[in-house]
Amino acid sequence: LRHRGCNGNSLHLAAARGHKSLVKVLLEGGMDPCRPCTRISPAKSSDPRDRCVKELPLASDWALVRGHHDVSCLLRQHQSLLRPDLRSPNLHYQTGKLSKFFPDRGYGFIEPQGVFVHLTQLRWNSEDSNGYPSPGQKLCFTVATDSRRRKRAHLILDGIDFSHLRLRLPQWEAEISWQRYEWGDSDLDESDEDSDY
């Protein structure tokens, strides 16, 4: 649960204030370091406290931005321990890069496996219900076979830190970014998430 007047939970606040001992207690108590913060206001209204919800969703992000590097490292260590591919050995997770995506059609392909992925599945696995993926975005996913016998991504996570999937782009920006990516624009990074970690 998030605190009143704040889009983060107890772990977010403890991390932001650099309380390492409290962060340890909360993690030992079962709080999830992979749980992102949530918006205070509905998506269409603007609350200044929500301005970094997409860019800095995790408690480790809150600690890092405020200069508490030891707290951020502690949280990231726990994030790696909670990786779903380690928790669920019966599920085979793969990692890949979203190499092609059509925002107007709502589907794309993950390389090097050539796995089909639909926008509805990406959004189902993310809290960004209206967002679009970034060009070259890294993904962690399981593979299922659909009725047309295509391999398609099923359970999808962030491919860098195995946390909740983030879909940061609005539709208009996704259309421009993917078009530039397809043309091989050198000014466009493959994934702006690489610089976050």
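Residues numbered from 1 in each chain as written. Predicted model: local features only at pLDDT ≥ 70, side-chain atom pairs only at ≥ 80, totals over all residues. Heavy atoms only, no water.

Draft legend 1. Summary view of the overall build of the protein. Helix and strand counts for the protein come out as seven helices and five strands. Ordered by position from the N terminus, the helices and strands of the protein form the series α-α-α-α-α-β-β-β-α-β-β-α. Looking at the protein residue by residue over its 197 residues, the buried ones come to 43%. Here the contacts in the protein between residues at least 6 apart in sequence split such that 60% fall between residues at least 24 apart. (Helix = DSSP H or I, 4+ residues; strand = E, 2+ residues; numbered from the N terminus. Buried < 20%, exposed > 50% of the residue type's maximum accessible area, 1.4 Å probe, protein only. Contact = heavy atoms within 4.5 Å.)

Draft legend 2. Representation of helix 2 (residues 20-28). Three or more residues of helix 2 are buried, namely Val23, Leu26 and Leu27. In an axial view of helix 2, the angular spread of the buried residues amounts to 100°, which keeps them on one side of the axis. Exposed residues lying more than 90 degrees from the buried face of helix 2 are Ser21, Val25 and Glu28. One or two residues past the end of helix 2 sits Gly30, with phi positive at roughly 105°. (Arc of directions from axis to C-beta.)

Draft legend 3. Representation of unusual backbone geometry. In this model, Glu111 is joined to Pro112 through a cis peptide bond whose omega is 10°. Relative to the helices and strands, Pro112 resides in the loop between strand 2 (107-111) and strand 3 (115-118). Within the chain, Arg149 stands out as a residue other than glycine whose phi angle is a positive 65°. Residue position: Arg149 is located in the loop between strand 4 (138-145) and strand 5 (151-158). On the basis of relative accessibility, which here comes to 76%, the residue Arg149 falls in the exposed class.

Draft legend 4. Highlighting the nonpolar core. Ile110, Leu122, Leu139 and Ile156 are the most contacted members of the largest nonpolar core, which has 18 residues in total. Breaking this core down by element, the ones donating at least two residues are strand 1 (94-102), strand 3, helix 6 (119-124), strand 4, strand 5 and helix 7 (171-182). Here this core takes three residues from helix 7, the largest share from any one element. Residues Ala15, Leu27, Leu74 and Leu75 belong to the second largest nonpolar core, which totals eleven residues. (Core = buried A, V, L, I, M, F, W, Y, C linked by side-chain atoms within 4.5 Å.)

Draft legend 5. Structural view of the side chain of His12. Relative to the assigned elements, His12 resides in helix 1 (residues 10-16). Only 2.8 Å separates the side chain of His12 from the side chain of Asn9, close enough to count as a polar contact. (Polar contact = N/O pair within 3.5 Å; in protein donor to acceptor, adjacent residues only side chain to side chain.)

Draft legend 6. Summary view of the side chain of Asp146. Counting through the fold element by element, Asp146 comes out in the loop between strand 4 and strand 5. In this structure Asp146 comes out as buried when scored by relative accessible area, which is 14%. Engagement of the side chain of Asp146 in a polar contact is seen with the backbone nitrogen of Arg148, the distance being 3.0 Å. At a separation of 2.8 Å, a polar atom in the side chain of Asp146 contacts the main-chain amide nitrogen of Arg150.

Draft legend 7. Representation of the pairing of strand 3 within the structure. By the bridge criterion, four bridges tie strand 2 to strand 3 in an arrangement that is antiparallel. Residue pairing in the sheet places Tyr107 in a bridge with His118 of strand 3. Counting the residues between successive antiparallel strands, the hairpin from strand 2 to strand 3 contains three residues, one of them, Gly114, with a positive phi of roughly 70°. (Pairing = 2+ DSSP bridges.)

Draft legend 8. Structural view of the pattern of salt bridges. Across all of its chains, the model carries three salt bridges by this definition. The residue Arg76 makes a salt bridge to Asp61 at a minimum N-O spacing of 3.9 Å. With Arg76 in helix 4 (residues 69-81) and Asp61 in helix 3 (residues 59-65), the pair connects residues that are 15 residues apart, well separated along the chain. Given a relative accessible area of 24%, Arg76 falls into the partly exposed group. The class for Asp61 is buried, based on a relative accessible area of 7%. (Salt bridge = Lys/Arg side-chain N within 4 Å of Asp/Glu carboxyl O.)

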